[in-house]
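Observations on the three-dimensional arrangement
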Amino acid sequence: MTTLIEVPDVEPDAVAPKSKSAGGGLGRYIVVRFFLIIPTIFILVTLVFFLMRVIGDPITAAQGGRLPPDVLAQRIHDAGYDRPIIIQYFEYLGQLITGNFGTTITDRRPVVEMLSTFGAATLELSINALIVALAVGIPLGMIAAQRRDKASDAFLRCFAILCYATPVFFSGLLLKLTFSVWLGWLPVAGRVSTRTELTMGQLAAPTGIYWLDALRSGNLTALGDVVSHAVLPAIALGLLTAGVFLRLVRTNVIGTLGKDYVEAGRSRGVSEFRLVTKHAYKPALIPIITVMGLQIALMLGGAVLTETTFEWKGLGYQLVQYLNARDFVAVQGIVVLLAVIVAFTNFVVDVVAALIDPRVRY
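Residues numbered from 1 in each chain as written. Predicted model: local features only at pLDDT ≥ 70, side-chain atom pairs only at ≥ 80, totals over all residues. Heavy atoms only, no water.

1. So, the overall build of the chain
Tallying secondary structure elements over the chain gives 14 helices and 0 strands in all. Each helix (α) and strand (β) of the chain, taken in turn from the N terminus, gives the series α-α-α-α-α-α-α-α-α-α-α-α-α-α. Counting every position in the chain, which comprises 362 residues, the buried fraction comes to 41%. Sequence separation of 24 or more characterises 73% of the internal contacts of the chain that already satisfy a separation of 6 or more. In the structure as shown, the chain presents an accessible area of about 19900 Å², 67% of it carried by carbon and sulfur atoms. (Helix = DSSP H or I, 4+ residues; strand = E, 2+ residues; numbered from the N terminus. Buried < 20%, exposed > 50% of the residue type's maximum accessible area, 1.4 Å probe, protein only. Contact = heavy atoms within 4.5 Å. Areas by Shrake-Rupley, 256 points an atom, 1.4 Å probe, with all protein chains shown as cover.)

Next up, the structure:
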């Protein structure tokens, strides 16, 4: 006897939950990563606050020995630094929520104003350095992968090691000595000449990023001056990251060149150059995007030395000045801002990596 087995009807929407789950996976991943920023920043702010208080109150650190004891005590009392540290901590958190970072001790200016003034310079330097890193690291990494185990590959690997092993202040000094002192091609220091700086100060609603302001105003002379001053600092800081990008691209392109679809293209007579430039390099960029968040943090750290070497008046340069003056209110504001930038940069990088490679979010 033949037994009939009824098969339940499959509703057309049966696959809908899977599609919804896939979309929900990305949305959930983005939401979770965004809310992880809050505890990260909270921990960093807490660490910075208490580490700054290890040596005592900021006013004594900055003005101790320079003011009479009664004046110093009065200033400490007016600033509230004679209260219990836990009260100061919660008051500081409340100020941060409202966007109040306090007032610098040495020059008595709002920290927010100082951050906006010098932050644009650091942002400009970081953008310039990132352009150099990508322009140098990616093409040279592809060339090294294509010329694997040959003399050019060995040279490029040594070049990459040299880039990220050389201290940025040392490479900056070498660049200044070569291109500014010996050859006289480029300015030795500063963001722009005094004349251009005065011209930029007269613009309506300046961004603080000089090459962008020069483009907006259509002043090609000022733009040339900005670019000439930016070349050496961008190269010094950009090469530090370019070496990392070069090694990453080389390793991942070599791995991709061994894939089946690449071998199939090679068997059909596709040139090695086309295989590298059209098929192998795109998968190799995913690790770069992932690592870029860490490199932004490295760049901000390197910006301190780069700005000091080239007298590039950004946050790094000011951080050194305030450290020397023991103005820990200003130092605290700069460090907190840099921590926030790194946290948000890593969030953006994680989202981009999840959009490119779905495996990241599962």
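Anyway, onward from the coordinates.
2. Describing the confidence of the model for the chain
Across the chain, the average pLDDT comes to 79, with 85% of residues at or above 70. Contacts from residues 1-22, a stretch scored under 50 in pLDDT, to residues over four places away or in other chains number 3 contacts. (pLDDT = per-residue confidence, 0-100.)

3. What about helix α4 (residues 85-97)?
Taking 1.5 Å as the rise per residue, α4 with 13 residues should run 18 Å; its terminal C-alpha atoms sit 19 Å apart, in good agreement. Among all positions of α4, only Gln88, Tyr89, Tyr92, Leu93 and Leu96 are buried. The buried side chains of α4 occupy one side of the element, clustering within an arc of 140° when seen end-on. Opposite the packed face of α4, turned more than 90 degrees from it, sit the exposed residues Phe90 and Ile97. Gly99 occupies a position one or two residues after α4 and carries a positive phi of about 85°. (Expected span 1.5 Å × (residues − 1). Arc of directions from axis to C-beta.)

4. Some words on the pattern of salt bridges
Per the stated rule, a full pass over the model turns up 7 salt bridges. Notably, a salt bridge pairs Arg83 with Glu91, separated by 2.7 Å at the nearest N-O pair. Overall, the relative accessible area of 32% leaves Arg83 in the partly exposed class. Across the salt bridge formed by Asp153 and Arg157, the nearest N and O atoms sit 3.6 Å from each other. With Asp153 and Arg157 both in helix α6 (residues 151-165), this residue pair falls 4 residues apart, about one helical turn. (Salt bridge = Lys/Arg side-chain N within 4 Å of Asp/Glu carboxyl O.)

5. Thoughts on the packing of helix α7 (residues 168-182) against helix α10 (residues 220-257)
Interaxial distance between α7 and α10 falls to 9 Å at its minimum, and their mutual angle equals 145°. For the element pair α7 and α10, the recorded crossing hand is right-handed. For the pair α7 and α10, contact is made by Val168, Ser171, Gly172, Leu175, Lys176, Phe179 and Ser180 and by Leu232, Ile235, Ala236 and Leu237, respectively. When its residues are assigned to classes, the contact of α7 with α10 shows 7 nonpolar, 3 polar and 1 charged. (Axes fitted to C-alpha atoms, helices over the stretch in contact; angles between N-to-C directions. Left-handed = near helix turned anticlockwise from the far one by under 90°. Nonpolar A, V, L, I, M, F, W, Y, C, P; charged D, E, K, R; others polar.)

6. Comments concerning the UniProt feature "transmembrane region" (unreviewed entry) in the chain
As recorded in UniProt, the feature "transmembrane region" (unreviewed entry) lies at residues 30-52, 125-145, 154-175, 226-249, 284-305 and 329-356. Taken as a whole, residues 30-52 contains 100% helix and 0% strand, while its terminal C-alpha atoms sit 33 Å from one another. Secondary structure within residues 154-175 divides into 91% helix and 0% strand; the distance between the first and last C-alpha atoms comes to 24 Å. (UniProt positions renumbered as here; feature names shortened; annotations may be inferred.)

7. Details of the packing of helix α5 (residues 111-146) against α10
Relative to each other, α5 and α10 sit at 35°, their axes nearing to 4 Å. As for how α5 packs across α10, the hand of that crossing is right-handed. Looking at side-chain class alone, the contact of α5 with α10 contains 26 nonpolar, 5 polar and 2 charged residues.

8. So, unusual backbone geometry
Positioned with a positive phi, Arg108 is a non-glycine residue whose angle comes to about 50°. Examined against the element boundaries, Arg108 turns out to sit in the loop between α4 and α5. Taking relative accessible area as the criterion, Arg108 reaches 54% and is therefore assigned exposed. Here Asp149, not a glycine, exhibits a phi torsion of approximately 65°, which is positive. Turning to its location among the elements, Asp149 is positioned in the loop between α5 and α6.

9. Focus on the packing of aromatic side chains
By the definition in use, this model includes 8 aromatic pairs. Ring centres of Phe34 and Phe35 lie 5.6 Å apart, and the angle between their planes is 80°; on these two criteria the pair is classed as edge-to-face. Clustering of aromatic rings is evident, with ring pairs tying together Phe49, Phe50, Tyr89, Phe90 and Tyr92. Lys176 extends its terminal NZ or CZ atom over the ring of Phe310, reaching a point 5.7 Å from the ring centre. Directly above the aromatic system of Tyr210 lies the positively charged group of Arg191, at a separation of 3.8 Å from the ring centroid. (Phe/Tyr/Trp six-rings, centres within 6.5 Å; stacked < 30°, edge-to-face > 60°. Lys NZ or Arg CZ within 6 Å of the ring centre and 35° of its normal.)

10. So, the nonpolar core
Buried together is how nonpolar side chains tend to be arranged in soluble globular proteins. Judged by nonpolar contacts, the single largest core of 36 residues is most densely connected at Val45, Met114, Leu115, Leu315 and Ile334. Residue assignment for this core shows that the elements contributing at least two residues are α1 (16-52), α3 (69-79), α4, α5, α12 (272-310), α13 (315-324) and α14 (328-356). Ranked by the residues each element gives to this core, the list is headed by α14, at 10 residues. If we skip the residues at most four places from it in the chain, Met114 touches Arg109, Gly119, Leu315, Tyr322, Ala330 and Ile334. With 28 residues, the next largest nonpolar core counts Ile138, Leu186, Ala236 and Met292 among its residues. (Core = buried A, V, L, I, M, F, W, Y, C linked by side-chain atoms within 4.5 Å.)

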